[in-house]
Amino acid sequence: MVALDGSPSPTSVAAAAAAAAALTADAVGGCGRAPPALRVRRPRAAASPRLGPAAPSTAVPSAVAATTAAASPVATAAATTPATTPATTAAPATTDDVEVEEPAADAHLPPAAFYLAYIVPLSVLVGYYLRPPVVGPYLTVALIYVFIPLADAAVGTAHLFGRWSPTPATGGAEAPAAAPVPGNAAAGGGVASTALPLALARARRVPSPTDALAYRLPVYGWLPTQAALLLWAAREAAVGHAAIHTPTFVGLALSVGIVAAGGINAAHELLHRRSRVERAAAVALLASVAYAHFVVEHAIGHHRRVATRADPASAALGVSFYAFLPRTVSGGMRSAWALEAARLRRRGLPAAAHRVGWWAAATVVGVAGLGAMWGWRSVALWAAHAVVAVVILEKVNYMEHYGLVRRRLLRGRLASGDAGVDADADADAEAEADDADWVYEQVGPHHSWEAPQTLTNVLLFKLQRHADHHQHAGRRYQSLRASPSSPVLPAGYPTMALLVMVPPLWAALMDGRARRAVASAPPLEGEGGAKGWA
(Lines give C-alpha, C1' and ligand atoms only; values in the text may rest on other atoms or scores of the structure.)
Protein backbone atom coordinates (compact mmCIF):
# COMPACT_ATOMS: atom_id res chain seq x y z
CA MET A 1 0.00 0.00 0.00
CA VAL A 2 1.16 3.51 -0.79
CA ALA A 3 -0.16 6.75 0.62
CA LEU A 4 -1.70 9.38 -1.62
CA ASP A 5 1.40 11.56 -1.30
CA GLY A 6 3.55 8.80 -2.82
CA SER A 7 5.12 7.54 0.45
CA PRO A 8 4.58 3.98 1.73
CA SER A 9 1.89 3.63 4.35
CA PRO A 10 2.79 2.47 7.90
CA THR A 11 0.94 -0.77 7.20
CA SER A 12 3.02 -1.54 4.12
CA VAL A 13 6.26 -0.69 5.93
CA ALA A 14 5.35 -2.92 8.83
CA ALA A 15 4.44 -5.74 6.48
CA ALA A 16 7.69 -5.43 4.64
CA ALA A 17 9.62 -5.35 7.91
CA ALA A 18 7.83 -8.46 9.14
CA ALA A 19 8.54 -10.30 5.91
CA ALA A 20 12.20 -9.36 6.08
CA ALA A 21 12.40 -10.46 9.68
CA ALA A 22 10.79 -13.79 8.86
CA LEU A 23 13.25 -14.43 6.06
CA THR A 24 16.12 -13.57 8.40
CA ALA A 25 14.85 -15.80 11.17
CA ASP A 26 14.41 -18.75 8.83
CA ALA A 27 17.91 -18.33 7.46
CA VAL A 28 19.59 -17.93 10.86
CA GLY A 29 17.53 -20.18 13.06
CA GLY A 30 18.02 -23.36 11.09
CA CYS A 31 21.72 -23.31 10.30
CA GLY A 32 23.35 -20.54 12.34
CA ARG A 33 24.44 -18.63 9.22
CA ALA A 34 24.06 -14.94 8.53
CA PRO A 35 21.05 -13.89 6.43
CA PRO A 36 21.53 -13.97 2.68
CA ALA A 37 22.23 -10.62 1.09
CA LEU A 38 19.36 -8.86 -0.62
CA ARG A 39 19.71 -8.25 -4.36
CA VAL A 40 20.57 -4.68 -5.18
CA ARG A 41 21.90 -3.11 -8.33
CA ARG A 42 25.49 -1.99 -8.53
CA PRO A 43 26.28 1.48 -9.81
CA ARG A 44 25.46 2.02 -13.44
CA ALA A 45 29.11 2.23 -14.45
CA ALA A 46 29.65 -1.35 -13.30
CA ALA A 47 26.69 -2.81 -15.18
CA SER A 48 26.68 -4.30 -18.66
CA PRO A 49 23.58 -3.43 -20.71
CA ARG A 50 24.32 -6.30 -23.04
CA LEU A 51 24.45 -8.93 -20.33
CA GLY A 52 21.66 -7.49 -18.20
CA PRO A 53 21.93 -6.18 -14.64
CA ALA A 54 25.06 -6.50 -12.54
CA ALA A 55 25.68 -9.46 -10.31
CA PRO A 56 24.06 -9.38 -6.85
CA SER A 57 25.97 -7.41 -4.27
CA THR A 58 27.02 -8.84 -0.91
CA ALA A 59 26.00 -5.68 0.93
CA VAL A 60 22.59 -4.97 2.46
CA PRO A 61 20.98 -1.54 2.04
CA SER A 62 21.13 0.32 5.30
CA ALA A 63 17.39 1.00 5.45
CA VAL A 64 16.44 -2.65 4.95
CA ALA A 65 19.09 -3.77 7.44
CA ALA A 66 17.86 -1.25 9.98
CA THR A 67 14.24 -2.32 9.53
CA THR A 68 15.17 -5.99 9.87
CA ALA A 69 17.22 -5.30 12.96
CA ALA A 70 14.36 -3.45 14.60
CA ALA A 71 11.98 -6.34 13.92
CA SER A 72 14.12 -9.23 15.16
CA PRO A 73 16.85 -9.55 17.84
CA VAL A 74 18.33 -12.44 15.88
CA ALA A 75 18.55 -10.24 12.83
CA THR A 76 20.24 -7.55 14.93
CA ALA A 77 22.97 -9.92 15.99
CA ALA A 78 23.47 -11.22 12.47
CA ALA A 79 23.50 -7.79 10.91
CA THR A 80 26.17 -6.53 13.35
CA THR A 81 28.51 -9.50 12.90
CA PRO A 82 31.67 -8.04 11.31
CA ALA A 83 32.72 -11.31 9.70
CA THR A 84 29.53 -11.74 7.71
CA THR A 85 28.12 -8.31 6.85
CA PRO A 86 30.07 -5.21 5.86
CA ALA A 87 29.76 -2.05 7.94
CA THR A 88 27.20 0.53 6.93
CA THR A 89 29.95 2.77 5.59
CA ALA A 90 30.83 0.06 3.06
CA ALA A 91 27.25 -0.34 1.86
CA PRO A 92 26.72 0.58 -1.77
CA ALA A 93 25.56 4.09 -2.54
CA THR A 94 23.19 2.64 -5.12
CA THR A 95 19.77 1.07 -4.75
CA ASP A 96 17.00 0.50 -7.21
CA ASP A 97 15.96 4.14 -7.04
CA VAL A 98 18.88 6.03 -5.46
CA GLU A 99 22.14 6.26 -7.39
CA VAL A 100 25.22 8.32 -6.92
CA GLU A 101 25.97 8.15 -10.64
CA GLU A 102 22.68 8.85 -12.37
CA PRO A 103 22.15 6.67 -15.45
CA ALA A 104 20.93 8.13 -18.71
CA ALA A 105 17.18 8.69 -18.87
CA ASP A 106 16.88 6.14 -21.67
CA ALA A 107 19.07 3.52 -19.96
CA HIS A 108 16.23 1.25 -18.82
CA LEU A 109 12.99 2.14 -20.56
CA PRO A 110 9.86 -0.02 -20.36
CA PRO A 111 8.99 -1.80 -23.61
CA ALA A 112 5.65 0.01 -23.80
CA ALA A 113 7.48 3.34 -24.10
CA PHE A 114 8.63 2.48 -27.61
CA TYR A 115 5.06 2.17 -28.87
CA LEU A 116 5.07 5.97 -28.68
CA ALA A 117 6.65 5.82 -32.15
CA TYR A 118 3.27 4.75 -33.52
CA ILE A 119 1.87 8.24 -33.03
CA VAL A 120 3.50 9.00 -36.40
CA PRO A 121 1.42 6.60 -38.57
CA LEU A 122 -1.62 7.43 -36.45
CA SER A 123 -1.14 11.13 -37.20
CA VAL A 124 -1.35 10.35 -40.94
CA LEU A 125 -4.87 8.96 -40.57
CA VAL A 126 -6.00 11.66 -38.16
CA GLY A 127 -4.61 14.43 -40.33
CA TYR A 128 -6.02 13.07 -43.57
CA TYR A 129 -9.59 13.00 -42.30
CA LEU A 130 -9.20 16.29 -40.45
CA ARG A 131 -11.04 19.27 -41.90
CA PRO A 132 -10.22 21.26 -43.92
CA PRO A 133 -8.86 18.45 -46.11
CA VAL A 134 -6.19 20.63 -47.70
CA VAL A 135 -4.47 21.36 -44.34
CA GLY A 136 -5.02 18.10 -42.47
CA PRO A 137 -2.61 15.88 -44.45
CA TYR A 138 0.27 18.05 -43.24
CA LEU A 139 -0.32 17.15 -39.59
CA THR A 140 2.43 14.52 -39.66
CA VAL A 141 4.89 17.03 -41.11
CA ALA A 142 4.02 19.48 -38.34
CA LEU A 143 4.31 16.73 -35.74
CA ILE A 144 7.82 15.73 -36.80
CA TYR A 145 9.29 19.13 -37.53
CA VAL A 146 7.42 21.43 -35.14
CA PHE A 147 5.75 19.70 -32.19
CA ILE A 148 8.36 16.99 -31.54
CA PRO A 149 11.35 19.39 -31.70
CA LEU A 150 9.59 21.69 -29.23
CA ALA A 151 8.73 18.79 -26.94
CA ASP A 152 12.25 17.42 -27.31
CA ALA A 153 13.71 20.74 -26.21
CA ALA A 154 11.32 20.93 -23.25
CA VAL A 155 11.93 17.35 -22.07
CA GLY A 156 15.65 17.26 -22.80
CA THR A 157 17.32 14.37 -21.02
CA ALA A 158 14.73 14.12 -18.26
CA HIS A 159 13.44 10.77 -17.03
CA LEU A 160 10.30 10.97 -19.11
CA PHE A 161 9.09 7.53 -18.04
CA GLY A 162 10.36 7.62 -14.48
CA ARG A 163 13.43 5.89 -13.07
CA TRP A 164 13.20 2.26 -14.07
CA SER A 165 15.54 -0.65 -13.53
CA PRO A 166 15.72 -4.01 -15.31
CA THR A 167 14.64 -7.23 -13.65
CA PRO A 168 17.34 -9.91 -13.43
CA ALA A 169 17.57 -12.22 -16.43
CA THR A 170 17.11 -15.20 -14.10
CA GLY A 171 13.55 -14.15 -13.40
CA GLY A 172 13.91 -14.98 -9.71
CA ALA A 173 11.92 -13.38 -6.89
CA GLU A 174 12.94 -9.91 -5.87
CA ALA A 175 13.52 -8.67 -2.37
CA PRO A 176 11.91 -5.39 -1.33
CA ALA A 177 13.86 -2.48 -2.75
CA ALA A 178 15.01 0.59 -0.89
CA ALA A 179 13.54 3.85 -2.13
CA PRO A 180 13.67 7.49 -1.03
CA VAL A 181 10.96 8.71 1.31
CA PRO A 182 10.87 12.42 2.16
CA GLY A 183 11.48 13.13 5.84
CA ASN A 184 12.95 9.73 6.84
CA ALA A 185 16.73 9.79 7.07
CA ALA A 186 18.47 6.44 6.94
CA ALA A 187 20.97 5.91 9.73
CA GLY A 188 24.50 6.22 8.52
CA GLY A 189 23.54 6.20 4.88
CA GLY A 190 22.85 9.86 4.30
CA VAL A 191 19.90 8.88 2.07
CA ALA A 192 16.24 9.09 3.00
CA SER A 193 14.92 5.57 2.44
CA THR A 194 12.70 2.79 3.74
CA ALA A 195 11.57 -0.65 2.60
CA LEU A 196 8.90 -0.66 -0.10
CA PRO A 197 6.34 -3.44 -0.44
CA LEU A 198 7.40 -6.24 -2.76
CA ALA A 199 4.55 -5.59 -5.20
CA LEU A 200 5.53 -1.93 -5.60
CA ALA A 201 9.19 -2.82 -6.06
CA ARG A 202 8.26 -5.21 -8.84
CA ALA A 203 5.91 -2.70 -10.47
CA ARG A 204 8.77 -0.25 -10.97
CA ARG A 205 10.85 -2.76 -12.90
CA VAL A 206 11.00 -3.53 -16.60
CA PRO A 207 12.11 -6.67 -18.41
CA SER A 208 15.85 -7.17 -18.66
CA PRO A 209 17.40 -6.11 -21.97
CA THR A 210 18.27 -9.77 -22.43
CA ASP A 211 14.53 -10.61 -22.37
CA ALA A 212 14.29 -9.08 -25.81
CA LEU A 213 10.88 -10.25 -27.05
CA ALA A 214 8.98 -7.48 -25.26
CA TYR A 215 11.26 -4.95 -26.95
CA ARG A 216 11.18 -6.62 -30.36
CA LEU A 217 7.42 -6.36 -30.77
CA PRO A 218 7.35 -2.56 -31.36
CA VAL A 219 9.91 -3.06 -34.14
CA TYR A 220 8.16 -6.09 -35.62
CA GLY A 221 4.86 -4.22 -35.75
CA TRP A 222 6.22 -1.56 -38.08
CA LEU A 223 6.18 -3.78 -41.17
CA PRO A 224 2.43 -4.59 -41.18
CA THR A 225 1.61 -1.03 -40.08
CA GLN A 226 3.60 0.55 -42.89
CA ALA A 227 2.32 -1.93 -45.50
CA ALA A 228 -1.31 -1.28 -44.57
CA LEU A 229 -0.78 2.48 -44.54
CA LEU A 230 0.90 2.43 -47.95
CA LEU A 231 -1.92 0.42 -49.52
CA TRP A 232 -4.51 2.76 -48.02
CA ALA A 233 -2.61 5.84 -49.22
CA ALA A 234 -2.19 4.42 -52.74
CA ARG A 235 -5.93 3.87 -52.95
CA GLU A 236 -6.69 7.36 -51.63
CA ALA A 237 -4.30 8.83 -54.20
CA ALA A 238 -6.31 7.10 -56.94
CA VAL A 239 -9.95 7.43 -55.82
CA GLY A 240 -10.01 9.48 -52.60
CA HIS A 241 -9.54 13.12 -51.57
CA ALA A 242 -5.91 13.03 -52.72
CA ALA A 243 -7.06 12.29 -56.26
CA ILE A 244 -9.03 15.55 -56.32
CA HIS A 245 -6.87 18.03 -54.40
CA THR A 246 -3.20 18.34 -55.33
CA PRO A 247 -2.19 19.85 -51.95
CA THR A 248 -3.82 16.85 -50.27
CA PHE A 249 -1.86 14.49 -52.53
CA VAL A 250 1.40 16.26 -51.68
CA GLY A 251 0.66 16.23 -47.96
CA LEU A 252 -0.25 12.55 -48.07
CA ALA A 253 2.96 11.66 -49.93
CA LEU A 254 5.07 13.61 -47.42
CA SER A 255 3.29 12.03 -44.46
CA VAL A 256 3.50 8.45 -45.72
CA GLY A 257 7.13 9.08 -46.66
CA ILE A 258 7.88 10.10 -43.07
CA VAL A 259 6.31 6.84 -41.87
CA ALA A 260 8.43 4.95 -44.42
CA ALA A 261 11.53 6.67 -43.01
CA GLY A 262 10.50 5.21 -39.66
CA GLY A 263 10.31 1.88 -41.45
CA ILE A 264 13.91 2.33 -42.61
CA ASN A 265 14.85 2.93 -38.98
CA ALA A 266 13.10 -0.29 -37.96
CA ALA A 267 14.83 -2.08 -40.84
CA HIS A 268 18.16 -0.74 -39.59
CA GLU A 269 17.52 -2.45 -36.28
CA LEU A 270 16.49 -5.72 -37.94
CA LEU A 271 19.23 -5.97 -40.58
CA HIS A 272 21.88 -6.25 -37.87
CA ARG A 273 20.26 -9.39 -36.47
CA ARG A 274 21.27 -12.96 -37.31
CA SER A 275 17.72 -14.24 -37.55
CA ARG A 276 16.69 -14.83 -41.16
CA VAL A 277 13.15 -13.78 -40.35
CA GLU A 278 14.28 -10.43 -38.97
CA ARG A 279 16.61 -9.82 -41.88
CA ALA A 280 13.81 -10.71 -44.32
CA ALA A 281 11.58 -8.16 -42.60
CA ALA A 282 14.36 -5.57 -43.00
CA VAL A 283 14.58 -6.34 -46.71
CA ALA A 284 10.80 -6.01 -47.09
CA LEU A 285 10.74 -2.61 -45.37
CA LEU A 286 13.60 -1.29 -47.48
CA ALA A 287 12.31 -2.80 -50.73
CA SER A 288 9.08 -0.86 -50.23
CA VAL A 289 11.09 2.33 -50.89
CA ALA A 290 13.45 0.81 -53.50
CA TYR A 291 16.40 0.88 -51.08
CA ALA A 292 16.93 -2.80 -50.24
CA HIS A 293 20.61 -2.56 -51.20
CA PHE A 294 21.03 -0.68 -47.91
CA VAL A 295 21.01 -4.08 -46.14
CA VAL A 296 24.34 -4.98 -47.77
CA GLU A 297 25.92 -1.54 -47.99
CA HIS A 298 25.17 -0.54 -44.40
CA ALA A 299 26.09 -3.74 -42.58
CA ILE A 300 29.17 -4.62 -44.62
CA GLY A 301 30.27 -1.37 -46.23
CA HIS A 302 29.36 1.50 -43.92
CA HIS A 303 30.25 -0.18 -40.63
CA ARG A 304 33.64 -1.14 -42.01
CA ARG A 305 34.50 2.15 -43.69
CA VAL A 306 32.71 4.67 -41.48
CA ALA A 307 34.37 8.06 -41.08
CA THR A 308 36.74 7.51 -44.02
CA ARG A 309 36.85 8.89 -47.54
CA ALA A 310 35.87 5.47 -48.86
CA ASP A 311 32.48 5.57 -47.12
CA PRO A 312 29.75 7.24 -49.21
CA ALA A 313 27.57 7.58 -46.10
CA SER A 314 30.08 9.67 -44.12
CA ALA A 315 29.97 13.42 -44.77
CA ALA A 316 33.25 15.32 -44.83
CA LEU A 317 33.67 18.64 -43.08
CA GLY A 318 32.39 21.55 -45.15
CA VAL A 319 30.30 19.43 -47.54
CA SER A 320 26.68 20.57 -47.72
CA PHE A 321 23.82 18.11 -47.60
CA TYR A 322 22.87 18.94 -51.18
CA ALA A 323 26.37 17.95 -52.36
CA PHE A 324 26.35 14.89 -50.10
CA LEU A 325 22.98 13.50 -51.23
CA PRO A 326 23.80 12.43 -54.82
CA ARG A 327 27.16 11.07 -53.71
CA THR A 328 25.76 8.89 -50.95
CA VAL A 329 22.82 7.57 -53.01
CA SER A 330 24.87 6.62 -56.06
CA GLY A 331 27.90 5.54 -54.04
CA GLY A 332 25.82 3.35 -51.77
CA MET A 333 24.21 1.56 -54.70
CA ARG A 334 27.56 0.93 -56.42
CA SER A 335 29.09 -0.27 -53.18
CA ALA A 336 26.23 -2.68 -52.49
CA TRP A 337 26.46 -4.22 -55.97
CA ALA A 338 30.23 -4.58 -55.67
CA LEU A 339 30.06 -6.11 -52.19
CA GLU A 340 27.42 -8.61 -53.26
CA ALA A 341 29.40 -9.53 -56.39
CA ALA A 342 32.46 -10.12 -54.22
CA ARG A 343 30.41 -12.41 -51.97
CA LEU A 344 29.31 -14.46 -54.96
CA ARG A 345 32.91 -14.82 -56.15
CA ARG A 346 34.11 -15.94 -52.74
CA ARG A 347 31.40 -18.59 -52.53
CA GLY A 348 31.57 -19.63 -56.13
CA LEU A 349 27.92 -18.73 -56.76
CA PRO A 350 26.46 -17.72 -60.13
CA ALA A 351 25.50 -14.16 -60.98
CA ALA A 352 21.85 -15.17 -60.83
CA ALA A 353 22.21 -15.44 -57.05
CA HIS A 354 22.85 -11.69 -56.74
CA ARG A 355 20.55 -10.70 -53.86
CA VAL A 356 20.54 -6.97 -54.59
CA GLY A 357 19.24 -7.69 -58.08
CA TRP A 358 16.45 -9.89 -56.77
CA TRP A 359 15.44 -7.29 -54.21
CA ALA A 360 15.26 -4.64 -56.92
CA ALA A 361 13.08 -6.97 -58.98
CA ALA A 362 10.77 -7.47 -56.00
CA THR A 363 10.33 -3.70 -55.76
CA VAL A 364 9.42 -3.50 -59.44
CA VAL A 365 6.83 -6.27 -59.04
CA GLY A 366 5.28 -4.56 -56.02
CA VAL A 367 5.01 -1.20 -57.75
CA ALA A 368 3.53 -2.85 -60.83
CA GLY A 369 0.91 -4.42 -58.59
CA LEU A 370 -0.05 -1.01 -57.22
CA GLY A 371 -0.41 0.31 -60.74
CA ALA A 372 -2.53 -2.64 -61.78
CA MET A 373 -4.91 -2.10 -58.87
CA TRP A 374 -5.28 1.70 -58.80
CA GLY A 375 -3.49 3.20 -61.79
CA TRP A 376 -0.73 5.70 -62.29
CA ARG A 377 -1.73 7.98 -59.42
CA SER A 378 -0.96 5.24 -56.91
CA VAL A 379 2.44 4.70 -58.56
CA ALA A 380 3.11 8.44 -58.40
CA LEU A 381 2.32 8.49 -54.68
CA TRP A 382 4.61 5.50 -54.11
CA ALA A 383 7.46 7.20 -55.96
CA ALA A 384 7.01 10.45 -54.04
CA HIS A 385 6.86 8.72 -50.65
CA ALA A 386 9.98 6.67 -51.48
CA VAL A 387 11.93 9.83 -52.33
CA VAL A 388 10.86 11.44 -49.06
CA ALA A 389 11.92 8.37 -47.05
CA VAL A 390 15.32 8.10 -48.73
CA VAL A 391 16.04 11.82 -48.30
CA ILE A 392 15.24 11.58 -44.59
CA LEU A 393 17.50 8.52 -44.27
CA GLU A 394 20.38 10.30 -45.95
CA LYS A 395 19.86 13.38 -43.79
CA VAL A 396 20.37 11.13 -40.79
CA ASN A 397 23.49 9.60 -42.36
CA TYR A 398 24.78 13.10 -43.01
CA MET A 399 24.29 14.12 -39.37
CA GLU A 400 25.64 11.00 -37.70
CA HIS A 401 29.27 11.30 -38.82
CA TYR A 402 29.57 14.84 -40.18
CA GLY A 403 33.18 16.06 -40.12
CA LEU A 404 34.41 13.12 -38.02
CA VAL A 405 37.28 11.10 -39.44
CA ARG A 406 39.37 8.09 -38.58
CA ARG A 407 43.08 8.77 -38.66
CA ARG A 408 44.97 7.14 -41.48
CA LEU A 409 48.14 5.23 -40.73
CA LEU A 410 51.07 4.35 -42.93
CA ARG A 411 52.72 1.28 -41.46
CA GLY A 412 51.98 2.44 -37.93
CA ARG A 413 52.62 6.15 -38.44
CA LEU A 414 49.95 8.85 -38.46
CA ALA A 415 49.60 10.27 -41.95
CA SER A 416 48.66 13.84 -42.66
CA GLY A 417 45.53 14.94 -44.43
CA ASP A 418 42.88 12.32 -43.78
CA ALA A 419 42.75 12.90 -40.05
CA GLY A 420 41.98 16.57 -40.33
CA VAL A 421 45.05 17.41 -38.20
CA ASP A 422 48.60 18.36 -39.12
CA ALA A 423 51.02 15.53 -38.42
CA ASP A 424 54.63 15.03 -39.47
CA ALA A 425 54.99 12.26 -42.01
CA ASP A 426 57.43 11.21 -44.65
CA ALA A 427 55.94 12.65 -47.85
CA ASP A 428 58.15 10.51 -50.07
CA ALA A 429 57.06 7.35 -48.30
CA GLU A 430 53.42 8.36 -48.67
CA ALA A 431 53.86 8.97 -52.38
CA GLU A 432 55.49 5.59 -52.94
CA ALA A 433 53.10 3.59 -50.79
CA ASP A 434 50.21 1.76 -52.39
CA ASP A 435 46.77 1.20 -50.93
CA ALA A 436 47.87 -1.98 -49.14
CA ASP A 437 50.21 0.07 -46.95
CA TRP A 438 47.43 2.21 -45.50
CA VAL A 439 45.28 1.36 -42.49
CA TYR A 440 42.67 3.34 -40.56
CA GLU A 441 42.42 3.44 -36.82
CA GLN A 442 39.80 1.31 -35.12
CA VAL A 443 36.28 2.72 -34.94
CA GLY A 444 35.71 4.47 -31.64
CA PRO A 445 32.96 6.48 -29.92
CA HIS A 446 34.57 9.72 -31.16
CA HIS A 447 33.66 8.82 -34.74
CA SER A 448 29.88 9.24 -34.33
CA TRP A 449 27.67 12.09 -33.15
CA GLU A 450 25.27 11.28 -30.36
CA ALA A 451 22.04 12.89 -29.17
CA PRO A 452 20.86 12.10 -25.61
CA GLN A 453 17.33 13.55 -25.81
CA THR A 454 14.89 11.14 -24.18
CA LEU A 455 11.82 11.72 -26.33
CA THR A 456 13.46 11.32 -29.72
CA ASN A 457 15.48 8.35 -28.51
CA VAL A 458 12.18 6.64 -27.72
CA LEU A 459 10.59 7.62 -31.02
CA LEU A 460 13.64 6.43 -33.01
CA PHE A 461 14.34 3.19 -31.11
CA LYS A 462 17.46 4.82 -29.62
CA LEU A 463 19.06 5.41 -33.01
CA GLN A 464 20.59 8.56 -31.51
CA ARG A 465 22.83 6.38 -29.32
CA HIS A 466 24.80 5.93 -32.50
CA ALA A 467 28.32 5.74 -31.11
CA ASP A 468 27.48 2.68 -29.02
CA HIS A 469 25.78 1.15 -32.07
CA HIS A 470 28.99 1.41 -34.07
CA GLN A 471 30.97 -0.03 -31.18
CA HIS A 472 28.53 -2.92 -30.72
CA ALA A 473 26.55 -3.39 -33.93
CA GLY A 474 24.97 -6.62 -32.67
CA ARG A 475 23.54 -4.97 -29.56
CA ARG A 476 19.78 -4.56 -29.70
CA TYR A 477 18.42 -1.04 -29.52
CA GLN A 478 17.04 -1.25 -25.97
CA SER A 479 20.55 -1.98 -24.64
CA LEU A 480 22.34 0.87 -26.39
CA ARG A 481 23.94 3.17 -23.86
CA ALA A 482 25.47 6.60 -23.63
CA SER A 483 29.06 7.05 -24.81
CA PRO A 484 30.70 9.74 -22.66
CA SER A 485 33.57 10.25 -25.12
CA SER A 486 31.30 10.73 -28.12
CA PRO A 487 30.66 14.24 -29.48
CA VAL A 488 27.11 15.41 -28.88
CA LEU A 489 24.73 17.10 -31.31
CA PRO A 490 23.13 20.34 -30.10
CA ALA A 491 19.62 18.88 -30.49
CA GLY A 492 17.74 15.71 -31.42
CA TYR A 493 17.52 14.35 -34.95
CA PRO A 494 14.25 16.05 -36.03
CA THR A 495 15.60 19.47 -35.09
CA MET A 496 18.96 18.84 -36.70
CA ALA A 497 17.24 17.56 -39.85
CA LEU A 498 15.72 21.00 -40.28
CA LEU A 499 19.10 22.69 -39.90
CA VAL A 500 20.61 20.35 -42.48
CA MET A 501 18.37 21.95 -45.10
CA VAL A 502 20.05 25.35 -44.53
CA PRO A 503 23.78 24.77 -45.20
CA PRO A 504 25.08 28.15 -43.89
CA LEU A 505 23.21 27.67 -40.62
CA TRP A 506 24.38 24.06 -40.35
CA ALA A 507 28.00 25.05 -41.00
CA ALA A 508 27.88 27.85 -38.44
CA LEU A 509 26.53 25.46 -35.83
CA MET A 510 28.50 22.29 -36.58
CA ASP A 511 31.84 23.03 -38.25
CA GLY A 512 33.48 24.33 -35.10
CA ARG A 513 32.13 21.42 -33.07
CA ALA A 514 33.45 18.95 -35.62
CA ARG A 515 36.92 20.50 -35.59
CA ARG A 516 37.04 20.40 -31.80
CA ALA A 517 35.83 16.79 -31.78
CA VAL A 518 38.59 15.75 -34.20
CA ALA A 519 41.26 17.70 -32.32
CA SER A 520 40.25 16.11 -29.01
CA ALA A 521 40.35 12.53 -30.30
CA PRO A 522 42.26 10.21 -27.93
CA PRO A 523 45.87 9.49 -28.88
CA LEU A 524 46.72 6.30 -30.67
CA GLU A 525 48.25 3.58 -28.53
CA GLY A 526 51.77 3.67 -29.90
CA GLU A 527 53.00 3.11 -33.42
CA GLY A 528 51.17 0.35 -35.16
CA GLY A 529 48.75 0.12 -32.27
CA ALA A 530 45.70 1.25 -34.20
CA LYS A 531 43.54 -1.51 -35.55
CA GLY A 532 40.96 -1.03 -38.21
CA TRP A 533 40.06 -1.22 -41.85
CA ALA A 534 42.88 -1.31 -44.36
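Preceding block: the structure.
Residues numbered from 1 in each chain as written. Predicted model: local features only at pLDDT ≥ 70, side-chain atom pairs only at ≥ 80, totals over all residues. Heavy atoms only, no water.

Chemist: I would appreciate a short explanation of the side chain of T456 in the present structure.
Modeler: Its location among the elements puts T456 in helix α16 (residues 454–459). Residue classification places T456 among the buried positions, given a relative accessible area of 1%. Polar side-chain contacts of T456 include one of 3.0 Å to the side chain of D152. Excluding residues that lie within four positions of it along the chain, T456 makes contacts with I148, D152, Q464, G492 and P494. (Helix = DSSP H or I, 4+ residues; strand = E, 2+ residues; numbered from the N terminus. Buried < 20%, exposed > 50% of the residue type's maximum accessible area, 1.4 Å probe, protein only. Polar contact = N/O pair within 3.5 Å; in protein donor to acceptor, adjacent residues only side chain to side chain. Contact = heavy atoms within 4.5 Å.)

Chemist: Can you walk me through helix α9 (residues 246–271) in this structure?
Modeler: The α-helix advances 3.6 residues per turn, and as a result positions three or four apart in sequence lie on the same side. In this model α9 runs 36 Å from its N-terminal to its C-terminal C-alpha over 26 residues, within 8% of the 38 Å that 1.5 Å per residue would give. The buried fraction of α9 amounts to 22 of the 26 residues, a majority that puts the element mostly inside the structure. (Expected span 1.5 Å × (residues − 1).)

Chemist: Just to check I follow, could you spell out a nonpolar patch on the surface for this structure?
Modeler: There is a patch of nonpolar side chains on the surface, built from Y115, L213, L217 and Y220 and spanning about 370 Å² of accessible area. Within the secondary structure, Y115 is located in the loop between α3 (73–79) and α4 (119–128). (Patch = residues over 30% accessible without salt bridge, like charges linked within 9 Å, V, L, I, M, F, W, Y side chains within 5 Å. Areas by Shrake-Rupley, 256 points an atom, 1.4 Å probe, with all protein chains shown as cover. Salt bridge = Lys/Arg side-chain N within 4 Å of Asp/Glu carboxyl O.)

Chemist: In this structure, what is going on with the environment of A362? I would like to understand it.
Modeler: In this structure, A362 sits in helix α13 (residues 355–374). In this structure A362 comes out as partly exposed when scored by relative accessible area, which is 48%. Here the alpha-carbon distance between A362 and A292, two residues 70 residues apart in the chain, equals 9.6 Å.

Chemist: Which parts of the structure should I look at to understand the packing of aromatic side chains?
Modeler: Any aromatic ring pair is given by two values, namely how distant the centres are and how the planes are angled relative to each other. One pass over the structure, following the stated rule, counts 17 aromatic pairs. When the centroid spacing of 4.9 Å and the interplanar angle of 55° are considered together, the rings of Y118 and W222 count as tilted. Residue Y118 is located in the loop between α3 and α4, and its partner W222 is located in helix α8 (residues 222–239); the two are separated by 104 residues in the primary sequence. For the residue pair Y118 and W222, the accessibility class agrees, reading buried in each case. When the ring of Y215 is compared with that of Y477, the centres are 6.4 Å apart and the planes differ by 80°; the resulting orientation is edge-to-face. Of this pair, Y215 sits in helix α7 (residues 213–220) while Y477 is found in the loop between α17 (466–471) and α18 (493–500), placing the two residues 262 residues apart along the sequence. Members of the aromatic cluster, each reached through a chain of ring pairs, are F321, Y322, F324, Y398, Y402 and W506. (Phe/Tyr/Trp six-rings, centres within 6.5 Å; stacked < 30°, edge-to-face > 60°.)

Chemist: Help me understand the pattern of salt bridges, please; the structure alone is not making it clear to me.
Modeler: Side chains that carry opposite charge are capable of pairing whenever their charged atoms lie near each other. On inspection of all chains with the given rule, the structure shows ten salt bridges. E340 is paired through a salt bridge with R343; the nearest N and O atoms lie 2.6 Å apart. One end of the pair, E340, and the other, R343, are both in helix α12 (residues 321–347), three residues apart, so they sit about a helical turn from each other. Per residue, the accessibility class of E340 equals that of R343, and both read buried. The structure contains a network of salt bridges with shared partners spanning E340, R343 and R355.

Chemist: Honestly, the nonpolar core in this entry has me stumped. Any pointers?
Modeler: Across soluble globular proteins, nonpolar side chains show a tendency to be buried alongside one another. Within the largest apolar cluster, 66 residues are counted, with the highest numbers of intra-cluster contacts made by L252 and L286. At twelve residues, α9 tops the list of elements feeding residues into this core. Other than its neighbours up to four places away in sequence, L286 contacts I264, A267, L271, Y291, A292, F294 and V295. Counting residues in each nonpolar core, the second largest holds 22 residues, with L463, L489, W506 and A517 among its members. (Core = buried A, V, L, I, M, F, W, Y, C linked by side-chain atoms within 4.5 Å.)

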